[in-house]
Structures are given as structure tokens and as C-alpha cells.
Amino acid sequence: MGAALRNLHLDAGAPSCREIERRTRTSAGTMRVPRNTVPQILSRQRSPSSRDQLRALLSALSVPVSGHEDWLRAWSRVNRRLQADRRAARTRKDRLQRRPHAPNAIAPHTADGPPASGATSSLQPPPQRGYTTRRS
């Protein structure tokens, strides 16, 4: 969709971002598209955030209202795909965060006192500042 919008922009005479913003601001019944957003959409860094934003952009690029429906259907397909990708990424992230943690290397203390007999710790205390430690 981004490439098609870029081609549409070129076919419309490549109006500047400021001009596109002015057209969307002065058109009755359309949403203003900020000039900072226009290059992001045209360079495929982002897609239009809503159907209204796409309609405003299409109007600013001289697309007749009769041609908006095909663009809106394409936007809906792209938007559904983006939402599905975001949900899948959140699901993967949740699964990673819910993985069982590795067993603790230090044996737990009991109510009676130190760790149960035979329990060992693989952790060593950090070296003291200014001193070096030698391993044998």
C-alpha cells in the first residue's frame, strides 16, 4: 500500500508535504493530515492511522471520491494484517516472560536456620574492591 500511495503522490504532481497539509486542512469534512506525518506515510515508515486520514490524503492527492472505496478496502486488509502481527508479537513476548525460571542456585533457608545439609551454593561472593582474587 505504501508504494501505491507513493506512486499516487507522484501521479498527482508530487505536491509538497506543506501543500498536502494545506489541502487536508481546507477541505470541508476531511481530517487534517500534519505535514510531519505525510512523508512518513509516503516513505512507508507508517500507514495512515485511520480511514479518515486515508480519505483526507486521497482527497489531497486528487483521487475522486468514487475511487476511495478500493483504497479503503486495501487499507483495511493491511490494518488487519498489522494488528494480527502485533497480537502475535505480544503473545510471543508473553510466552517468553511466563517461562519457568531456572531453579535457584542457592538452597532455601528453612525456618530452623541455614540450608538443609548437603545443599551447596554455586555462587561466590563478589571480590572486594581494590583486591584481586586468584583462582586455583
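Look up a bit, the structure's there.
Residues numbered from 1 in each chain as written. Predicted model: local features only at pLDDT ≥ 70, side-chain atom pairs only at ≥ 80, totals over all residues. Heavy atoms only, no water.

Draft legend 1. Spotlight on the overall build of the protein chain. If you tally the helices and strands in the protein chain, you get five helices and two strands. Sorting the 136 residues of the protein chain into buried and exposed places 22% on the buried side. Expressed as a percentage of contacts within the protein chain between residues at least 6 apart in sequence, the contacts between residues at least 24 apart total 44%. Summed over its atoms, the accessible surface of the protein chain is roughly 10,500 Å², and 49% of this surface lies on carbon and sulfur atoms. (Helix = DSSP H or I, 4+ residues; strand = E, 2+ residues; numbered from the N terminus. Buried < 20%, exposed > 50% of the residue type's maximum accessible area, 1.4 Å probe, protein only. Contact = heavy atoms within 4.5 Å. Areas by Shrake-Rupley, 256 points an atom, 1.4 Å probe, with all protein chains shown as cover.)

Draft legend 2. A look at helix α2 (residues 17-26). For α2, every residue scored as buried is listed here: I20, E21 and T24. Along the axis of α2, the buried residues cluster in a sector spanning 100 degrees; they form a single face. Turned more than 90 degrees off the buried face of α2, the exposed positions are R18 and T26. For α2, the secondary structure elements touched by its buried residues are α1 (2-11), α3 (37-42) and α4 (51-60). (Arc of directions from axis to C-beta.)

Draft legend 3. Quick peek at the side chain of T37. Locating T37 in the fold gives a position in helix α3. Leaving out residues up to four positions away in the same chain, T37 has contacts with R46 and Q53.

Draft legend 4. Seen up close, the pattern of salt bridges. This structure, assessed with the given rule, holds seven salt bridges. A salt bridge links R55 to D52; its shortest N-O distance comes to 3.0 Å. In this pair, R55 and D52 both sit in helix α4, three residues apart, roughly one turn of the helix. Residue classification places D52 among the partly exposed residues on the basis of a relative accessible area of 45%. Overlapping salt bridges bring together E19, R22 and R23 as one network. (Salt bridge = Lys/Arg side-chain N within 4 Å of Asp/Glu carboxyl O.)

Draft legend 5. Main features of unusual backbone geometry. A positive phi angle, close to 65 degrees, is found at R44, a residue other than glycine. Among the secondary structure elements, R44 is positioned in the loop between α3 and α4. Judged by relative accessible area, R44 falls into the exposed class, the value being 58%. In this structure, S62 is a non-glycine residue whose phi angle is positive, near 65 degrees. Relative to the helices and strands, S62 is located in the loop between α4 and α5 (68-97). Residue classification places S62 among the exposed positions, given a relative accessible area of 59%.

The quantities given are spatial measurements derived from coordinates; they are silent on function.
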